[in-house]
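Examination of the molecular architecture
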Amino acid sequence: AGGVVLGKSADKLFSLSGLFAVYKPKGPTSAGVLNLLKERLLAEAGVQTNGNKRNQVLKIGHGGTLDSAAAGVLVVGIGKGTKMLKTMLAGSKKYTAIGLLGKATDTLDATGKVTEEKPYDQITKGDLENVLQKFTGDIMQVPPLYSALKKDGERLSTLMKRGEAVEAKPARPVRVYNLSLQQFQPPLFTLDVECGGGFYVRSLVSDIGKELSTCATMQELTRTKHGPFTLEEHALYEDKWTIDEIARSLEHCTSLLSGEPSHKKLKTEHPGETAVSCE
């Protein structure tokens, strides 16, 4: 099928290649956001998608899942850029998380059922700050049961929802570059976290609660940076999901990726762990 059938904007769409970032709102899954983006672009280009054919039509993928309840930067690869997504999984990410003291949930976040309640009024800001040091650097972390990690090819969260017994995955090495307390208004506390691949902020919040002899669950999560892409500068909101805006963004982001000096220091992670997505 030649360019005759497609027209100019479709030609431009299929020539797009590289990495860019979109803003994922709270609510939809990361895959859902990608499907919406894909539909938008194909509709703008006037490309007919008959049922399942659309997957061969436009190559697009993301560089690491954000939970449905989380918001923020989602890195997207288009065209040949989809091959660059593997390295994105290993890259460092920054999050702002709000934790709630005194309650634990089965999902470790606000979407789950409360499984435990404990007093927390004895905890001071100083207690919390002291505990954070234990979670900085190279640490071991048990991933959450409700997660995108797989057992026998199925997501743990799918198995859990079906009511099947799921064994916890073993603790694995993860890296925390920076961890700081931004706000403390009990029962809420706000953390800034910079971490490597395969890290779960939900597990961190839960583990902090246990370490303080109470419990905690994550109320809100925003990914503010992934590799060189920041929420403020690079994430395209839904009104900018157009072929021209993405083309402009790809141009801008190519220079970002080539001039990213911290890439080398990030390669030191555990390659076996990085293929699993972060929160």
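I will try to describe carefully the structure that is included in this document.

Conventions used here
- Each residue is numbered by its place in its chain's sequence as written, counting from 1.
- Whole-chain, interface and lining totals are the exception, using all residues; otherwise, since this is a predicted model, local features are given only for residues with pLDDT of at least 70 and side-chain atom pairs are given and counted only at 80 or more.
- Note that the side-chain values use all heavy atoms of the structure and ignore hydrogens as well as water.
- For this document, the term salt bridge refers to a Lys or Arg side-chain nitrogen within 4 Å of an Asp or Glu carboxyl oxygen.
- Put simply, DSSP marks the helices as runs of H or I at least four residues long and the strands as runs of E at least two long, and each gets a number from the N terminus on.
- To sort residues, take the accessible area from a 1.4 Å probe on protein chains only and compare it with the maximum for the residue type: under 20% means buried, over 50% means exposed, and anything in between is partly exposed.
- Contacts between residues were defined by any pair of non-hydrogen atoms, one from each residue, lying within 4.5 Å.
- The definitions used throughout rest on a 1 Å grid laid over the protein atoms alone, on which a cavity is an enclosed set of points accommodating a 1.4 Å probe that cannot get out and a pocket is an open set flanked by protein within 12 Å on both sides along at least five of seven lines; lining residues are those having an atom within 4 Å of a point.
- Grid points are joined across faces, edges and corners, and a volume is the space filled by probe spheres set on the points.

**Considering the pattern of salt bridges**
Tallied over the full model, the rule gives 10 salt bridges. D138 is the salt-bridge partner of R175, the closest N and O atoms lying 2.8 Å from each other. Highlighted residues: R175 in strand β10 (residues 172-185) and D138 in strand β7 (residues 137-141), separated in sequence by 37 residues. We classify D138 as exposed; its relative accessible area is 55%. One salt-bridge network, in which partners are shared between bridges, spans E154, R162 and E164.

**Comments concerning the environment of L250**
Mapped onto the elements, L250 comes out in helix α10 (residues 243-258). Classification of L250 by relative accessible area gives buried; the value is 5%. Apart from the residues within four sequence positions on either side, L250 is in contact with L16, S17, G18, L19, F20 and I78.

**Observations concerning the layout of surface pockets**
Roughly 300 Å³ of volume is contained in the second largest pocket. Lining the second largest pocket are 18 residues, and of these L108, P144, S206, D207 and K210 lie nearest its centre. Looking at the lining of the second largest pocket, the elements that each hand over two or more residues are β5 (103-105), β6 (114-117) and α8 (201-211). Take the lining of the second largest pocket: its biggest share by element is 4 residues, from α8.

Everything listed here is a matter of coordinates, which is why it stays silent on function.
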